[in-house]
Amino acid sequence: MWNLALLKTSFQLAALLKKPIHWGKPMAISIEPTTTCNLKCPQCPSGLRQFTRATGNLDVALNKKILDQVGKQLQHINYYFQGEPFIHPEFLDLVKDARDRNIYVVTSTNAHFIDPKTAEKIVLSGLSEIIISIDGLTQETYEQYRINGKLDKVITGTKNLMAAKQKLNRPNPVVTFQFLVTKHNEHEIEQLHELGKELSVDEVRLKSVQVYDYETGNDLIPENEAYSRYKKTGKGKYELKNKFKNKCWRMWSSCVFTWDGKIVPCCFDKDAEHQLGDLQATDFKATWKSGIYKEFRSKVFKDRKQIEICKNCSEGSKVWV
């Protein structure tokens, strides 16, 4: 609670004075288990196989180093960034290391690798929450975005996980269906909620699709603007709904670790273009308070639109995202 108070107070003070005043340590982080994925989603550098950075799997020892150095104040870990986490052969060992420290741990998966045995291992690992991407309710709509994916594997994987929770009499992980709303599947939203009830998942969550070339339109952008992070302008172009304020809470509260220990500002930096540190070369505390991090936070206050990764961000938006 003291760390949270430091983060909130310094963020508010920094926003008021337009200076990168920063106290405290991150309360939440994302850690990338792997860059490898079995699917080829069209707006994902992992799916497109278009990384310019190094690719690979997170080492178990490096995972422990991250946990040790970030500190005891850490409350939340997203064990996903790019790639499919369950491709990592020791993924659940990473989860256990974090859960042993009483940290809330979430992962996101396409659920193609959750057979009955793996489902029981997931439950026994102590994983707090699992987000299952289900972006269509027929194979035809599902594969419009999840290229090479099989909807029946998603459904079967979900059933295996729910059965394992019941068998082991465990409430966790919380199981969330996440539906990336596109023009191809927006008509299936009502049916999605019905499926969620049928399979007894804990939550159904809608997510707006991010596209890189949205200004002139894109086939993925939903017709119903309520489900989009973009809106049409009077000139037939598209723009972000987000008002785009020159501040960002994520720059105070969290950061992302790539599989090889690089530190980047947030999950929108998918290709790790803004590397603010390297845990294998410098300890985390030095990076978190470094001049390069301070400079990046300053840029956010000055003109956030000039930072490429910020141009598609929904952070701080009051509309549906």
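Residues numbered from 1 in each chain as written. Predicted model: local features only at pLDDT ≥ 70, side-chain atom pairs only at ≥ 80, totals over all residues. Heavy atoms only, no water.

Enquirer: Explain the overall build of the chain to me, please; I cannot follow it from the model alone.
Expert: A tally of regular secondary structure across the chain gives eleven helices and eleven strands. Seen along its three principal axes, the alpha-carbon backbone of the chain occupies a region of about 55 × 50 × 35 Å. Every one of the 321 residues in the chain was classed for burial, and the buried ones make up 55%. Long-range pairs, those at least 24 residues apart, make up 67% of the contacts in the chain between residues at least 6 apart in sequence. (Helix = DSSP H or I, 4+ residues; strand = E, 2+ residues; numbered from the N terminus. Buried < 20%, exposed > 50% of the residue type's maximum accessible area, 1.4 Å probe, protein only. Contact = heavy atoms within 4.5 Å.)

Enquirer: Is there a simple way to think about the environment of Leu67 in this case?
Expert: Counting through the fold element by element, Leu67 comes out in helix α3 (residues 60-70). Sequence-wise, Leu67 and Glu120 are 53 residues apart; in three dimensions their C-alpha atoms are separated by 25 Å. Ignoring any residue separated from it by four or fewer positions in sequence, one finds Leu67 in contact with Ile77, Tyr79, Asp97, Ala98, Arg101 and Ile103.

Enquirer: Explanation requested: the packing of helix α5 (residues 116-125) against helix α7 (residues 151-168) in the structure shown.
Expert: The angle between the axes and the distance between the axes are what describe a pair of packed helices. The N-to-C vectors of α5 and α7 enclose an angle of 55°; their axes lie 8 Å apart at closest approach. Here α5 is positioned oblique relative to α7, judged by the angle of their axes. Seen along the crossing, α5 lies across α7 with a hand that is right-handed. In this structure, α5 contributes Pro116, Ala119, Glu120, Ile122, Val123 and Leu124 to the contact, and α7 contributes Asn160, Leu161, Ala164, Lys165, Lys167 and Leu168. Its residues assigned to classes, the contact of α5 with α7 shows eight nonpolar, one polar and three charged. (Axes fitted to C-alpha atoms, helices over the stretch in contact; angles between N-to-C directions. Parallel < 35°, antiparallel > 145°, perpendicular 65-115°, else oblique. Left-handed = near helix turned anticlockwise from the far one by under 90°. Nonpolar A, V, L, I, M, F, W, Y, C, P; charged D, E, K, R; others polar.)

Enquirer: Looking at this structure, how should I read the side chain of Gln82?
Expert: Looking at where Gln82 falls in the secondary structure, it is placed in the loop between β2 (76-78) and α4 (91-99). The residues touching Gln82, leaving out its near neighbours within four places in the chain, are Glu32, Thr34, Thr35, Cys44, Pro45, Ser46, Phe51, Arg53 and Lys270.

Enquirer: Quick question: what am I supposed to make of the packing of aromatic side chains here?
Expert: When we look at a pair of aromatic rings, we describe it by the centre distance and by the angle of the planes. Within the structure shown, the criterion is met by nine aromatic pairs. Consider the rings of Tyr214 and Tyr230, whose centres lie 4.6 Å apart with planes at 20°: the pair is stacked. Here Tyr214 is found in the loop between β6 (203-208) and β7 (230-232), whereas its partner Tyr230 is found in strand β7, with 16 residues between them in sequence. The class for Tyr214 is buried, based on a relative accessible area of 9%. Judged by centre distance (5.2 Å) and plane angle (75°), the rings of Trp288 and Tyr293 are edge-to-face. It is Arg53 that lies over the ring of Phe51; its NZ or CZ is 4.6 Å from the centre. When the ring centre of Trp288 is taken as origin, the NZ or CZ atom of Arg297, which lies over that ring, is 4.7 Å away. (Phe/Tyr/Trp six-rings, centres within 6.5 Å; stacked < 30°, edge-to-face > 60°. Lys NZ or Arg CZ within 6 Å of the ring centre and 35° of its normal.)

Enquirer: Just to check I follow, could you spell out the nonpolar core for this structure?
Expert: Soluble, globular proteins show a tendency: their nonpolar side chains are buried together. With 89 residues, the main nonpolar core has Ile29, Ile77, Tyr79, Ile134, Leu161 and Phe257 as its most contacted residues. Among the elements that line this core, the one with the most residues is α7, at six residues. Leaving out residues up to four positions away in the same chain, Phe257 has contacts with Ile29, Ser30, Ile31, Glu32, Ile66, Val70, Lys262, Ile263, Leu279 and Phe284. (Core = buried A, V, L, I, M, F, W, Y, C linked by side-chain atoms within 4.5 Å.)

Enquirer: Sorry, what's going on with the sheet that holds strand β4 (residues 129-133) here?
Expert: What links the strands of a sheet is backbone hydrogen bonding, and the strands pair in either a parallel or an antiparallel sense. Taken in spatial order, the nine strands line up as β6-β5-β4-β3-β2-β1-β9-β10-β11 in an open sheet, and their pairing is mixed. Each of the sheet's edge strands pairs with one partner strand only, and the pair in question is β6 and β11 (277-278). Examined bridge by bridge, strand β3 (residues 104-109) and β4 share four bridges and lie parallel to one another. What sits directly across from Val106, in β4, is Glu129. Along the sheet, α3 makes contact with β1 (28-31), β2 and β9 (254-257), crossing β1 at roughly 165°. (Pairing = 2+ DSSP bridges.)

Enquirer: Would you mind showing me how to read helix α11 (residues 291-303) here?
Expert: Given 3.6 residues to a turn, an α-helix orients residues that are three or four positions apart in the same direction. With 13 residues, α11 extends 18 Å between its outermost C-alpha atoms, agreeing within 8% with the 18 Å of an ideal straight helix rising 1.5 Å per residue. Considered for burial, the residues of α11 that qualify are Tyr293, Phe296, Arg297, Ser298, Val300 and Phe301. Where α11 is buried, its residues contact α1 (2-17), α9 (250-253), β9, β10 (262-264) and α10 (284-288). (Expected span 1.5 Å × (residues − 1).)

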